[in-house]
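A closer look at the structure
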Amino acid sequence: MEITIFNERKKSTEKVHFSGTTIQELLHQLKINAETVLVTRNNEVLTEEEIVQEKDTLEILSVISGG
Amino acid sequence: MNCEKCGKKAVIVLQHGSLCKHHFIDHFESKVFKTINRFQLIGRNEKICVAASGGKDSLTVLYLTKKYLQENNIPLQNLFALVVDEGIQNYREHTIVDLERFCKDHAIILQKVKTEDEFGATLDKAYPLINKDEHKKPCNVCGVWRRYLLNKYARKYGAETLVTGHNLDDEAQAIMMNIFKANTKIAARLGPKSGIQEHDLFVQRVKPLYLCSDKEVRLYTLLKGFTIQFAECPYSSAGYRHQIQEMLNDFEEKYTGTKQGIVNSFLALLPALKETAPKAVETIKQCSLCQEPAEHDVCNACSMKEILKNAL
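The rules behind these values
Residues numbered from 1 in each chain as written. Chains lettered and ligands numbered in written order. Predicted model: local features only at pLDDT ≥ 70, side-chain atom pairs only at ≥ 80, totals over all residues. Heavy atoms only, no water. Contact = heavy atoms within 4.5 Å. Buried area = accessible area lost by both parts, 1.4 Å probe. Salt bridge = Lys/Arg side-chain N within 4 Å of Asp/Glu carboxyl O. Polar contact = N/O pair within 3.5 Å; in protein donor to acceptor, adjacent residues only side chain to side chain. Helix = DSSP H or I, 4+ residues; strand = E, 2+ residues; numbered from the N terminus. Nonpolar A, V, L, I, M, F, W, Y, C, P; charged D, E, K, R; others polar. Buried < 20%, exposed > 50% of the residue type's maximum accessible area, 1.4 Å probe, protein only.

1. A short note on the interface of chain A and chain B
Listed as interface residues are 25 residues of chain A and, on the opposing side, 26 residues of chain B. Around 2,100 Å² of area is buried between chain A and chain B when both sides are counted, 54% of it from carbon and sulfur atoms. Put simply, chain A and chain B have four salt bridges between them. The salt bridge involving Lys259(B) is made with Glu35(A); its shortest N-O contact spans 3.6 Å. Taken together, chain A and chain B are joined by 10 residue pairs in polar contact (both at pLDDT 80 or more). At the level of elements, strand S3 (37-41), strand S4 (44-46) and strand S5 (57-62) of chain A are the ones that each hand at least two residues to the side of chain A that touches chain B. For the side of chain A that touches chain B, a count of residues per class yields nine nonpolar, eight polar and eight charged.

2. What about the environment of Lys136(B)?
Residue and element names in this part refer to chain B. Along the chain, Lys136 falls in the loop between helix H5 (123-130) and helix H6 (139-156). We classify Lys136 as partly exposed; its relative accessible area is 40%. Ignoring any residue separated from it by four or fewer positions in sequence, one finds Lys136 in contact with Tyr127 and Asn131.

3. Things to note about the side chain of Thr221(B)
Residue and element names in this part refer to chain B. Take Thr221: it is sitting in helix H9 (residues 214-224). Using a relative accessible area of 1% as the deciding quantity, one classes Thr221 as buried. One polar contact links the side chain of Thr221 to the main-chain carbonyl oxygen of Arg218, over a distance of 2.7 Å. Those residues in contact with Thr221 that sit more than four places away from it in its chain are Lys56, Thr60, Phe226 and Ile228.

Structure representation (structure tokens):
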């Protein structure tokens, strides 16, 4: 499936092809440590077990301060 | 995944279970207030300065310090925020805007100090003149200046307590860095009440977010609707702390509770560490130039200021 991801740290939006099911699998595909981010959909925070849907637009927010 | 308390949709999975928005906010605030009480971080009659930058940790600790005072009937005129503007272009000006708005919205007095006013130059201008090694980043200068100004101006405005936004991740990193480098003297100054204690020239530093992780703090700010821009310091680098941070996050992902375990072990060892470490309070002098506390005749901040004065 194709989804859209906004990455807060990179300040970029990109289309991603994802063949998995959950947020945990998506972060694994993107090589992002789940400890370092929060994932939201329509301003709703998602846990790692949440199912990713076709055409989802997800935001990946950094939990680490930029200082 | 649903909340273990009410069955609503969960926003986070913690070691002890999943929580929804409402129960996470309750859990988080309760943990911070318990930390304040357990370690006696805030006294009833103390004037309190919150070191603020406009980032997630400082806005959270500022908000919750105010809430703690309100819930304990401690006068709010005891509270103010203090920000140090280091003069880092395209960075600090953005976070200060968020901080100013936050303080206005929450009726908190904000005091500002600029390194340019105190040392004669912004960090951007100063560090290439102070650091002889041209590849060296300014973090050493920034750290000395920030600690110096926060202590000096917190004291100047009458504070007995300096609240900082250091959290569980910061502390676990600092503990491991000091262990790896065998800095037991510095490690003995860590903890929820940190720095050199019981000295007239030092304002007691305290860390109410001591047991809250980066992830919990960011989630709290998000759920509370605090406006925070992700602004990355242009000087932040893949330095030693960054490597420790990555190592701990890798461990935490594989073995949940690693950071908490490090901090809990450290708290158990801290009394013994403090007993064996040299008593800094007995060796502290006053800087011959500025009269602020110093380990030598001239403090580090003044040494840098002198180099700068000759170079400008």
